[in-house]
Amino acid sequence: MTYVIHGATGAQGAPVVAALAAAGKSVTALTRNADVVVDGAQRVIAAGYGSTAELTEAYRGADGVFVHLPVVSEEDRQTYARNIVAAVRAARPARVVFSTSGAPIGPETGGAAAALVSGLTDTGVSHAVITPTFYLENLLMPYVIDAVRERGVLPYPIRSDFPASWASHLDIADAAVALFDRPDVSGMVSVGQDPAITGPDLAEAFGAHFVKDVAFEQITPEQFRDFVSPLIGEGAAADVAGAYAAMSTLPDRSITPENSAQKLLGITPRTTGRWLTDIGL
């Protein structure tokens, strides 16, 4: 049984490769460079989101494909979504698991993630969609973690009273591997902490881990954009800032218990404290 993993050397794909390898599964890693060594993968293929032909060849005969869209401009993401759908339709892998990475998937949004979900449904191929809210790994960005260590504050562009169901890339990997083995579970699967936690809750967990006082610091989406622009580019940073600005009008970003990984897969995401321990921070 072979599983094809997008971004196999990246923050989301690498934990999926590791989890599949630990479960004794055969892994084909999709990367930009076929010469790279990917721990846990039996095969490495250079296949880009921009080529339907390369994706089709990579997906053909696969028992499962793990997909997520990279943080690039929305125009590029739309192109990539179309190419992925076309490749799935042509190659007919046995199962596809798509992580939205927290992007909105309502048809009214017109976004790339929504288009990919709709397209996968139209292919008729067995699939499931993992819907996280916020990634704990976002808190490892230098701007955030350095502030925790140096100033005793945890800065992030959400309100201090905004509950969210945070999850880690390790939790997404756990859910993805389970979904490959559970073709009876389809549709949306929410992955995240339940009950949801606030910024001050995050700061408290960081403080307990580092054995120091840590306070939550609310920053604006514009401040966050300025920080992430050098990392992901101006266009993608503007999109991210816009998403956080839109979220500021919402009461929360909590998972729906009815379609949670806890209920559908029997998987409980890590607490913030356990995550910090698991990554060896």
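It should be emphasised that the depicted structure is a prediction, and the values quoted were computed from it without experimental measurement. (Residues numbered from 1 in each chain as written. Predicted model: local features only at pLDDT ≥ 70, side-chain atom pairs only at ≥ 80, totals over all residues. Heavy atoms only, no water.)

*Asks:* Quick one: what's the story with unusual backbone geometry, residue by residue and with numbers?
*Replies:* Note on backbone geometry: most residues besides glycine have negative phi, and most peptide bonds are trans. The omega angle of the peptide bond from Asp194 to Pro195 is 10°, so this bond is cis rather than trans. Structurally, the position occupied by Pro195 is in the loop between β10 (187-191) and α7 (199-210). The residue Arg92 is not glycine, and still its phi comes out positive at about 55°. Counting through the fold element by element, Arg92 comes out in the loop between α3 (74-91) and β5 (96-99). Even without being glycine, Ser101 reaches a positive phi, approximately 60°. Mapped onto the secondary structure, Ser101 falls in the loop between β5 and α4 (112-123). (Helix = DSSP H or I, 4+ residues; strand = E, 2+ residues; numbered from the N terminus.)

*Asks:* Account for the side chain of Thr31, naming residues and giving values.
*Replies:* Position of Thr31 relative to the elements: it lies in strand β2 (residues 26-31). Engagement of the side chain of Thr31 in a polar contact is seen with the backbone oxygen of Asn33, the distance being 2.7 Å. Beyond its immediate stretch of four places on either side in the chain, Thr31 contacts Ala8, Thr9, Val36, Val38, Val44, Ile45, Ala46 and Ala47. (Polar contact = N/O pair within 3.5 Å; in protein donor to acceptor, adjacent residues only side chain to side chain. Contact = heavy atoms within 4.5 Å.)

*Asks:* How would you summarise the pattern of salt bridges if you had to cite specific residues and measurements?
*Replies:* Evaluation of the coordinates by the stated rule reveals ten salt bridges. Ionic pairing is found between Glu217 and Arg151, a salt bridge with its closest N-O pair at 3.3 Å. Remark: Arg151 occurs in helix α5 (residues 142-151) and Glu217 occurs in strand β11 (residues 215-218); sequence separation between them is 66 residues. Salt bridges here are not isolated pairs; linked through shared partners, they connect Asp171, Asp174, Arg270, Arg274 and Asp278. (Salt bridge = Lys/Arg side-chain N within 4 Å of Asp/Glu carboxyl O.)

*Asks:* Requested: an account of the sheet that holds strand β3 (residues 43-46), with residues and values cited.
*Replies:* Within the open sheet, the seven strands sit side by side as β3-β2-β1-β4-β5-β6-β10. Their pairing is parallel. The sheet is open, and its two edges are formed by β3 and β10, each paired on a single side. The mean inter-strand angle of the sheet, taken between neighbouring strand axes irrespective of direction, is 20°. Across four bridges, strand β1 (residues 2-5) lies against β2 in parallel orientation. Residue pairing in the sheet places Val4 in a bridge with Thr28 of β2. (Pairing = 2+ DSSP bridges. Axes fitted to C-alpha atoms, helices over the stretch in contact; angles between N-to-C directions.)

*Asks:* Can you lay out helix α1 (residues 13-22) for me, pointing to particular residues and giving the numbers?
*Replies:* Residues separated by three or four positions in an α-helix point in the same direction, a consequence of the helix having 3.6 residues per turn. All buried positions along α1 are accounted for by Gly13, Pro15, Val16, Val17 and Leu20. The positive-phi residue at the C-terminal boundary of α1 is Gly24, with phi of around 80°. (Buried < 20%, exposed > 50% of the residue type's maximum accessible area, 1.4 Å probe, protein only.)

*Asks:* So, the pairing of strand β4 (residues 64-68): which residues are in play, and what are the values?
*Replies:* Residues in a regular strand project their side chains so that they alternate between the two faces of the sheet. With respect to burial, β4 is a largely interior element, five of its five residues being buried. Covered by surrounding structure in β4 are Gly64, Phe66 and His68 together with Val65 and Val67, the residues of both alternating faces. Looking at chain direction, β1 and β4 are connected through three bridges and run parallel. Note on β4: the bridge partner recorded for Tyr3 is Gly64. Note: β4 against β5, four bridges, orientation parallel. When the sheet's bridge partners are listed, Val67 is paired in β5 with Phe98. A crossover connection joins β4 to the parallel β5 through α3; in handedness this β-α-β unit is right-handed. (Right-handed = clockwise from strand over helix to strand, strands pointing away.)

*Asks:* Break down the environment of Val189 for me, with residues and values.
*Replies:* Residue position: Val189 is located in strand β10. Note: C-alpha distance between Val189 and Gly280 (91 residues apart in sequence) is 28 Å. The residues touching Val189, leaving out its near neighbours within four places in the chain, are Val129, Ile130, Thr131, Leu179, Asn259, Ser260, Ala261, Leu264 and Leu265.

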